[in-house]
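# A closer look at the structure
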Amino acid sequence: MKNYARVFRGTAFTSKSPTEVNILKEHLFCISEDGLIEKVVAPENPEYQTILQTYQDNLQCLKEGQYFLPGFVDLHVHAPQWAQSGTALDIPLYDWLNTYTFPLESKFSDLGFAKKVYQDVVSTLLANGTTTALYFATVHKEASLLLAKICAEKGQRGLVGKVVMDNPDQTSEIYRDADTQTALKDTEEFILAVNELAQSTKQGIYPVVTPRFIPSCTDDALKGLGELAAKYDTYVQSHCSESDWEHGYVQARFQKNDAFALHDFGLLRDKSVMAHCNFLDDDDADLFAETGTAVSHCPISNSYFANSVIPIGYLHSKGVAIGLGSDISGGFSPSIYDNARQAVISSRMLEDGVDTLLPAEERGVPNSRITINEAFYFASAGGGESLSLAIGRLEENYAWDVQIIDTTVATAKLPIYDEKEDLHDVFQKIMYLVRPENICEVWVQGEKVHSR
């Protein structure tokens, strides 16, 4: 028999397909030294009892009312904005950025302040079951590197970008890169430093090329960032066709949509994740599918700032990879559960329409709704696929990134009164009702990183 580092026993929920959930009742999960799921063993397997007896000292069995879920993937977090979460959400995007957000982010030149906020945001996301996060930091190279180090120390799989903002027409002098050359030089140095850090980090830490969005960057910066992404084969992240204002700005500047403008600069690639994307048209979606570019769907934030509901089901049907993002602090909640719930709600509103002055058949966009099964897929497996990483599924050869959910916690007990309740119903209750109190343990790459 193979030598496993640890064995877990319990009932797990994982995506079988975008629309189906696989329920693994009382299975064994055998974890290797490097934190991968080496073997998944069903109770009827002849090896089941042998493994149980052999690994008694390294065995963790879930209690009654506890379940495994994959760790969630958050594809869009503005780490510095944790300091303003829950404020100023009632003004237009342009005003919000310039009045609140950019002045806040400028404070991250102070490493003491940055450390306080970044330690809190990483811990908070882990406590909410987010095992992998794709982060925008700020324009400050040292503070951005500090965020990567904190992810490494706390055991979260972090993909971190030093933000580039060098366009004086659209960025305040209190908050932008000194000039284009400095922005590109700092980005390259940041990539090298994070790649070095990653060599000693079990769960993986990755540098991300991060033009904030087209309005904040000059053509030279966008071109240079595309070249750096190709040179170092890095991830790329930005905002794309988010709101009326931003989408319109890009069309006026380039006479084309964001997707094609970004592609011209080499910024759409298999490791690219673009946030929001509410205004993608069919040609944009085809370009995303062709280049392997993923969409980070941020349903709570979109409700505040995007001026629309994204047709997420339609984009997915066209072959575009989709994951979920919290978009702290454009989205107020650090929970991917909350965003999965809002993804379902928003899709229903898009399908049914909201203007009661129109006849029902003209009110909405047909075939727009997604189910909670699909939202779960976007939160887990879809996020992993968007990053081309073996995460987000409880299957062999995937990382042991899990949340252990306790449905019996006194302060957040789920309404399960029948011990023989259908397990798919239990899964739905978990997805709609779980709060951080229910997440009793979080593991990343086979290491426990949070317990309550």
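Quantities reported herein were computed from a predicted structural model and do not represent experimental measurements.

Rules of the game
- Residues numbered from 1 in each chain as written.
- Predicted model: local features only at pLDDT ≥ 70, side-chain atom pairs only at ≥ 80, totals over all residues.
- Heavy atoms only, no water.
- Helix = DSSP H or I, 4+ residues; strand = E, 2+ residues; numbered from the N terminus.
- Rg over C-alpha atoms; globule rule 2.2 N^0.38 Å.
- Areas by Shrake-Rupley, 256 points an atom, 1.4 Å probe, with all protein chains shown as cover.
- Lys, Arg positive; Asp, Glu negative; His and termini not counted.
- Charge placed at Lys NZ, Arg CZ, Asp CG, Glu CD.
- Salt bridge = Lys/Arg side-chain N within 4 Å of Asp/Glu carboxyl O.
- Buried < 20%, exposed > 50% of the residue type's maximum accessible area, 1.4 Å probe, protein only.
- Phe/Tyr/Trp six-rings, centres within 6.5 Å; stacked < 30°, edge-to-face > 60°.
- Lys NZ or Arg CZ within 6 Å of the ring centre and 35° of its normal.

Moving on to the overall build of the protein. Within the protein one finds 16 helices and 16 strands. Taken against the 2.2 N^0.38 rule, which gives 22 Å for 452 residues, the C-alpha radius of gyration of the protein at 22 Å falls within 12% of a compact globule. Projected onto the principal axes, the alpha-carbon positions of the protein cover approximately 65 × 60 × 40 Å. With the model as given, the accessible surface of the protein reaches about 17,700 Å², and the carbon-plus-sulfur share is 48%. Computing the positive centroid from 37 side-chain charges and the negative centroid from 63, the protein places the two 6 Å apart.

Per the counting criterion, the structure on display carries 24 salt bridges. A salt bridge links glutamate 437 to arginine 435, with the shortest nitrogen-to-oxygen separation between them at 2.9 Å. Of the residues examined, glutamate 437 reaches a relative accessible area of 23% and is grouped as partly exposed. Arginine 435 gets classed as partly exposed once you look at its relative accessible area, which sits at 39%.

Take the packing of aromatic side chains next. Evaluated as defined, the whole model comprises 22 aromatic pairs. Taking 5.9 Å as the distance between ring centres and 40° as the angle between the ring planes, the aromatic pair formed by phenylalanine 102 and tyrosine 175 counts as tilted. On the criterion of sequence distance, the pair formed by phenylalanine 102 in helix α2 (residues 93–106) and tyrosine 175 in the loop between β8 (157–164) and α5 (180–198) is long-range, its members being 73 residues apart. There is no split in this pair, since phenylalanine 102 and tyrosine 175 are both buried. Each residue in the set Phe13, Tyr67, Phe72, Tyr337, Phe376 and Phe427 is aromatic and connected to the rest through ring pairs, giving one cluster. Over the ring of tyrosine 235 we find lysine 271; its NZ or CZ atom is 5.0 Å from the centre of that ring.

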